[in-house]
Amino acid sequence: MKLSHFTKRLAAVGRTIATVLFLAAIAFVWQGTFLNTDAIAAPHATLIAADLGDQAQDKVQEDAGRAKGFIRDTADRVEETAKKNAKRVEEATDGDGNFVERRAKKDAARIEKRAEEDAARTQKAVDNTKNAVERTIDSIKEAFSD
């Protein structure tokens, strides 16, 4: 089965978000490796780690919001194009309700439905990824606070 242009873009966005979040998690783990144990015991180090964690979580939320906005915009454009194409077919057939016109309307409705389903599924995946990264950041912050 060939991937549509819409699906390819969504997959690319998903991979990019997953890569960024994965690299952010690695950066936090890496930072913990090189910290001096005396600095960990100091109260200001805990505050710095908590502040960095909060900044990372804010960035994750911001990026997830942008990705979801992009997904929604793409789905809207796909739906708009399907409607426009069905309208063109209707105009070309003089709106007499023949087989071709009915088929174009049916196809447009199916495309709109699939675009909504795909957008919802992709947005759910973005939310799941965002939640996983936030849980990782919270775990790292807890490790610094102990």
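What you see is a predicted model; the values in this text were computed from it and never measured. (Residues numbered from 1 in each chain as written. Predicted model: local features only at pLDDT ≥ 70, side-chain atom pairs only at ≥ 80, totals over all residues. Heavy atoms only, no water.)

### Some points on the overall build of the protein
Filter applied, for reference: Helix and strand definitions follow DSSP, with helices as H or I runs of at least four residues and strands as E runs of at least two, each counted in order from the N terminus. Accessibility here uses a 1.4 Å probe with only protein chains present; expressed as a share of the type maximum, an area under 20% marks a residue as buried, one over 50% as exposed, and anything in between as partly exposed. Areas reported as accessible are Shrake-Rupley estimates using a 1.4 Å probe. Residue values count occlusion only from the protein chains shown.
When its secondary structure is counted, the protein shows 4 helices and 0 strands. Overall, the protein shows an N-to-C arrangement of helices and strands of α-α-α-α. Put simply, the protein has 146 residues, and 25% of those count as buried. As displayed, the protein has an accessible area near 9,900 Å², and 58% of this comes from carbon and sulfur atoms.

### Digging into the nonpolar core
Which entries qualify depends on this criterion: Buried residues of nine kinds, namely Ala, Val, Leu, Ile, Met, Phe, Trp, Tyr and Cys, make up a nonpolar core once their side-chain atoms join them within 4.5 Å.
Judged by nonpolar contacts, the single largest core of 15 residues is most densely connected at Ile17 and Val126. Elements represented by at least two residues in this core include exactly α1 (5–34), α3 (43–92) and α4 (99–145). With 6 residues, the top contributor of residues to this core is α3.

### Structural notes on a nonpolar patch on the surface
Here is the rule we go by: A residue counts toward a patch only above 30% relative accessible area and without a salt bridge, and it is joined to like-charged neighbours within 9 Å or, for Val, Leu, Ile, Met, Phe, Trp and Tyr, to nonpolar neighbours within 5 Å. Salt bridge, as used here: a side-chain nitrogen of Lys or Arg that lies within 4 Å of a carboxyl oxygen of Asp or Glu.
A surface patch of nonpolar side chains, about 300 Å² in accessible area, is lined by Phe22, Leu23 and Ile26. Within the fold, phenylalanine 22 resides in helix α1. The exposure class of phenylalanine 22 is exposed, given its relative accessible area of 54%.

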